[in-house]
Number of protein chains: 2
Amino acid sequence: MSDNGIEAVKLDGTGPVYDQIRRAIRDLVLNGAWPPGTAVPPEHALMERLGASRMTVHRALVQLAREGLITRRRRSGTIVANPPASHAMLDILSIPDEVRQLGQDYSFEILSRRDGRPSPEVAASFELKRSEQVAHLVTLHRSGGQPHVLEERVIHLATVPATAAERFETTPPGDWLLQHSLWSQAEHAISAVAAGERESGLLEIEQGEPCLLVERRTWNQNQPVTAVRLLYPGGRHRFIGRFGPYGAV
Amino acid sequence: MSDNGIEAVKLDGTGPVYDQIRRAIRDLVLNGAWPPGTAVPPEHALMERLGASRMTVHRALVQLAREGLITRRRRSGTIVANPPASHAMLDILSIPDEVRQLGQDYSFEILSRRDGRPSPEVAASFELKRSEQVAHLVTLHRSGGQPHVLEERVIHLATVPATAAERFETTPPGDWLLQHSLWSQAEHAISAVAAGERESGLLEIEQGEPCLLVERRTWNQNQPVTAVRLLYPGGRHRFIGRFGPYGAV
DNA sequence: ATTTGCTAATTGCATATGCAATTGTCTAGC
DNA sequence: GCTAGACAATTGCATATGCAATTAGCAAAT
């Protein structure tokens, strides 16, 4: 190829041209063909390649920049941006970062791990098919030595095959996944539950104490990536978000 | 005025012209000068009024439309949109709607109301100054006759003076506020707490049961509008949101 | 070696222009 | 009165063009 994979940019002929260009490039970024840091071809190159005017190409790129997928600078050109770490309240957040932001020491411990077909209980609780191969991990995160949050997670081995070889000795599963997989959609649910027998022991709280339960499932291009259940001791934690009526501020 | 308040559109001379236009119109919408339903002048009129080309005006309007502030239709023109009712998980949501969406009958009851300077307890719990005049309301919302959520709210009388004359006989305070005030920013906090003595009685649950506590404060142009604390019986409720790494889906 | 300045690549912005698509509104005919 | 059709207003999209702003990279000067 002459420069980058400019040949990979293909229009589908449906809808406005500027939007075809926008979607074509967006897809290349989202499916990993153009990883962060990749140079996006300059407007003139795309213009010739696609037979569109510069203004039309420009419009597509400006929009992608506003969406945060690419970064543009005069003369330097356009590069694929790093995915944003945090978006409003409930993003895929890094628990180590969260803890360190509070000025506490962070540590974690994998309490159990099992790879393969899920047990009936796990399958039911995460809405999996029993035929899907997953890694099932239970992790306790600590903040200043105290239990901070209890994490139970399944990772889909078909989507993230590198999981099988990873021991999670230095990086907890959530952070490792952020580096080794992409996600395009997530679903969150928040509820309040009472700590059960096992959870209360691990989190060192009283049985029946209120806890905040955050359940999150993540997909990339409709392929499931991971599902996680985070149990926070209630009194000690809150999630905060700030936004305006027309979107995040 | 000839048509609408087209004279109200004023550029501030800072930054790109299209963005000056965008901000000028956005501000008119956000501060209520152009309430929902108002006809935005057509592109040609703005173009003449502002001395910009049609494409430049167009660019500003297209962007506002994408942000959801205005709605555009060929031939009919452009009108100011209704503020979105729900944005991802934690929007300003209408509790009646929420209940009816579950197919239940909705009713509510104002348990107490007091207007004037806040008591020391209320001031502390909502972080108010004791000199601020507020209405303080406690409301119980019911779903199919059962307690659904307990609401405690203060409304700033200086920002929403119409509150003083409103009896909240047919519309609960949250919904009434949506119709009689604007907001430009909100802050949410979610946490899990155990039901106290008073709350458990009102919500008809056991004392100590886990509840989801949603605290929200709302401002319009840096003026406080309202602060509310919603207590949901834990087992029965969860908040759900769905989005991608680059924003809401 | 360091600085200084030039050049060219690249994006940002605005304009003028033309045509397409949608749809209120009005009119002519029945 | 009602309908079909013509007309015009309005937005949507794309192009061509020109200039401004930024800056990487190179060349010249010290």
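First, a word on what this report is: a plain description of the structure on this page. (Residues numbered from 1 in each chain as written. Chains lettered and ligands numbered in written order. Predicted model: local features only at pLDDT ≥ 70, side-chain atom pairs only at ≥ 80, totals over all residues. Heavy atoms only, no water.)

**Details of the protein's contact with DNA strand C**
- In the region of DNA strand C, 25 residues are neighbours, and R72 and R75 of chain A together with V17, T56 and R73 of chain B sit closest.
- Protein-proximal atoms of DNA strand C, defined as those within 4 Å of the protein, fall in sugar or phosphate at a share of 69%.
- Between DNA strand C and the protein, one listed contact pairs a phosphate oxygen with a backbone N or O atom of E43 of chain A at 3.0 Å.
- A distance of 2.5 Å is found between a phosphate oxygen of DNA strand C and a side-chain nitrogen or oxygen belonging to T56 of chain B.
- The leading source of residues in the surface near DNA strand C is helix α3 (residues 54–67) of chain B, at four residues.
- Tallied by class, the residues present in the surface near DNA strand C amount to seven nonpolar, seven polar and 11 charged. (Near = heavy atom within 4 Å. Polar contact = N/O pair within 3.5 Å; in protein donor to acceptor, adjacent residues only side chain to side chain. Helix = DSSP H or I, 4+ residues; strand = E, 2+ residues; numbered from the N terminus. Nonpolar A, V, L, I, M, F, W, Y, C, P; charged D, E, K, R; others polar.)

**Comments concerning the nonpolar core**
- L212, L230 and Y232 of chain A together with L212, L230 and Y232 of chain B are the most contacted members of the largest nonpolar core, which has 26 residues in total.
- Apart from the residues lying within four places of it in its own chain, the contact partners of L230 of chain B are I95, V149, L150, E151, L212, L213, V214 and R216 of chain B. (Core = buried A, V, L, I, M, F, W, Y, C linked by side-chain atoms within 4.5 Å. Buried < 20%, exposed > 50% of the residue type's maximum accessible area, 1.4 Å probe, protein only. Contact = heavy atoms within 4.5 Å.)

**Topic: the protein's contact with DNA strand D**
- Of all residues adjacent to DNA strand D, which total 25 residues, the nearest are V17 and T56 of chain A together with R72, R74 and R75 of chain B.
- For DNA strand D, the fraction of atoms within 4 Å of the protein that belong to sugar or phosphate moieties is 70%.
- The contact in question runs from a phosphate oxygen of DNA strand D to an N or O atom on the backbone of V17 of chain A, over 2.4 Å.
- The side chain of R73 of chain A places a nitrogen or oxygen atom 2.8 Å from a phosphate oxygen of DNA strand D.

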